[in-house]
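What follows is the residue order along each chain.
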Amino acid sequence: MIFFGTYPHDEDSKKGGLSQRILAIDSQFLDRKRCYLSVSYRKNIRSKVVEVNNNLKTYELNAFIHFYLILKIILSANIIYMHTIGNALKYLPYSYFIKSNRVFLDLHGVVPEECKMFGRPLKSRLFNIVEYLILKRKPIIICVSKAMLLHFEGKYKSINFRSVILPIFSSVDFSQVGDKDVVNAKLKVIYAGGTQVWQNVTRMLELSLSCSEFHFEYWLPNKDKEHYVHDENLSSVSNITFNSGTNLDVLNAYKTSDLGFVLRDDNVVNNVACPTKIVEYMENGVVPVIKTDKVGDFKYLGLKSFTIEDLISNNITHSLVKFYLNENKIVLKKFRKLIVNGLEELKILTENKGQN
């Protein structure tokens, strides 16, 4: 079984969203012999091979220098699993040698649209071409939401997709999420993550300054935390705190929080996504505060959330938060069922036939 993607070896590299998805999928095949191909067109001049354990080997290779080695590895496998369109670009030259129909493409997101949104038109056009070329070869596509599948079906009407809906998931047993009492005198709003433009942290801070009835707690990378701590407009405001810490620190902070920011914009990139942030909130009894409800399948699943307008008008009460928490436990069970069904379907499609 061959994975096109970079296997995260160290703890720092395991923190990113892409790495977490790779590890989550990998956890379903721990008893299978598998290897990871990290292929570069510019780097990896010298090959690097790491035998992680008896079942897992990783390669760092150059697409030109090690072309025949890569091809040999691919031809030895009966299952090829690509993580993202970026890795599909690296697989594409070899795809014309492959006769197997057991090729999987985990799309993760809509890369051409992301590039366009971030002002990279040439890169957007490139990945549109790659996306079309790889999809017309009809791999089994893995989508993180039904909304994502509908996007691709609408974009490529001439292709009949064979697909699996498999949301972002972790090892948490959602059925064991316990009760949580809302005890803060001032409802606490949390945000833990990066300060990338699409997170809309600037809008969060504007709301924090204008909504004094709430307490706002930010968990940010240390350099970002230091920037805001020394901002004269923010440092003296008593209802805003900035922190930096480990994943465990953030988890503990969730347990004492009532609301959580997910201020994604209404665009195709967010419409098809499955943000880990929303899943983390549901797992830890935090009700999302949103900018749009058109994010993945969560509206369809019945997610209860508050809006920016609710925050501004102070329409959020302790009793309403508690009601939403209970409703979102049902959403969490529905979400878990999607994951279980997706994993079962993936397992059937990747049944081992005695080959690598």
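Now for a description of the structure that goes with this document. (Residues numbered from 1 in each chain as written. Predicted model: local features only at pLDDT ≥ 70, side-chain atom pairs only at ≥ 80, totals over all residues. Heavy atoms only, no water.)

1. Comments concerning the sheet that holds strand E2 (residues 34-40)
Filter applied, for reference: Pairing between strands requires that DSSP locate at least two bridges from one strand to the other. Only runs of H or I of at least four residues qualify as helices and only runs of E of at least two qualify as strands under DSSP, and these elements are numbered from the N terminus. Angles run from 0 to 180 degrees between N-to-C directions of axes, and those axes are lines fitted to C-alpha atoms, restricted for helices to the stretch in contact.
Pairing in this open sheet of eight strands is mixed, and the strands run E3-E4-E2-E1-E5-E6-E7-E8 from one edge to the other. Looking at strand neighbours, the two that pair on one side only are strand E3 (48-53) and strand E8 (162-165), the edges of this open sheet. Each adjacent strand pair in this sheet contributes to an overall mean axis angle of 20°, direction not counted. With five bridges joining them, E3 and strand E4 (residues 56-62) adopt antiparallel strand pairing.

2. Topic: the pairing of E8
Heads up, the condition is: Look down the strands so they point away from you; if the path from the first strand over the helix to the second goes clockwise, the crossover is right-handed.
Here strand E7 (residues 140-143) pairs with E8 via four bridges, running parallel. Opposite Ile142, over in E8, you have Val164 as the bridge partner. With respect to chirality, the unit in which E7 leads through helix H6 (residues 146-155) into the neighbouring parallel E8 is right-handed.

3. What about the pattern of salt bridges?
Spelled out, the test is: Note on definitions: salt bridges are taken to be side-chain nitrogens of Lys or Arg within 4 Å of carboxyl oxygens of Asp or Glu. Accessibility here uses a 1.4 Å probe with only protein chains present; expressed as a share of the type maximum, an area under 20% marks a residue as buried, one over 50% as exposed, and anything in between as partly exposed.
All told, the structure shown has 11 salt bridges when counted by the stated rule. For the salt bridge of Asp26 with Arg34, the shortest nitrogen-to-oxygen distance reads 2.6 Å. Here Asp26 and Arg34 have matching classes, each one buried. The partner of Lys299 in a salt bridge is Asp293, and the shortest N-O contact between them spans 3.6 Å.

4. A few points about the side chain of His66
The test is simple: Pairs of N or O atoms within 3.5 Å make up the polar contacts considered here, provided that, within protein, one atom can donate a hydrogen while the other can accept it, and that residues adjacent in sequence are counted only when both atoms are side-chain atoms. We call two residues in contact whenever any of their non-hydrogen atoms come within 4.5 Å of each other.
Within the secondary structure, His66 is located in the loop between E4 and helix H2 (67-75). Owing to a relative accessible area of 12%, His66 belongs among the buried residues under this scheme. At a separation of 2.8 Å, a polar atom in the side chain of His66 contacts the main-chain amide nitrogen of Asn62. When sequence neighbours within four positions are dropped, the list of residues in contact with His66 reads Asn44, Ile45, Arg46, Ser47 and Leu61.

5. Remarks on the state of the cysteines
For the record, the criterion: Disulfides are defined as cysteine sulfur pairs within 2.5 Å.
Summed over the entire model, instances satisfying the criterion amount to zero disulfides. Not engaged in a disulfide, the cysteine Cys143 finds its nearest cysteine sulfur in Cys274; these two sulfurs lie 12 Å apart.

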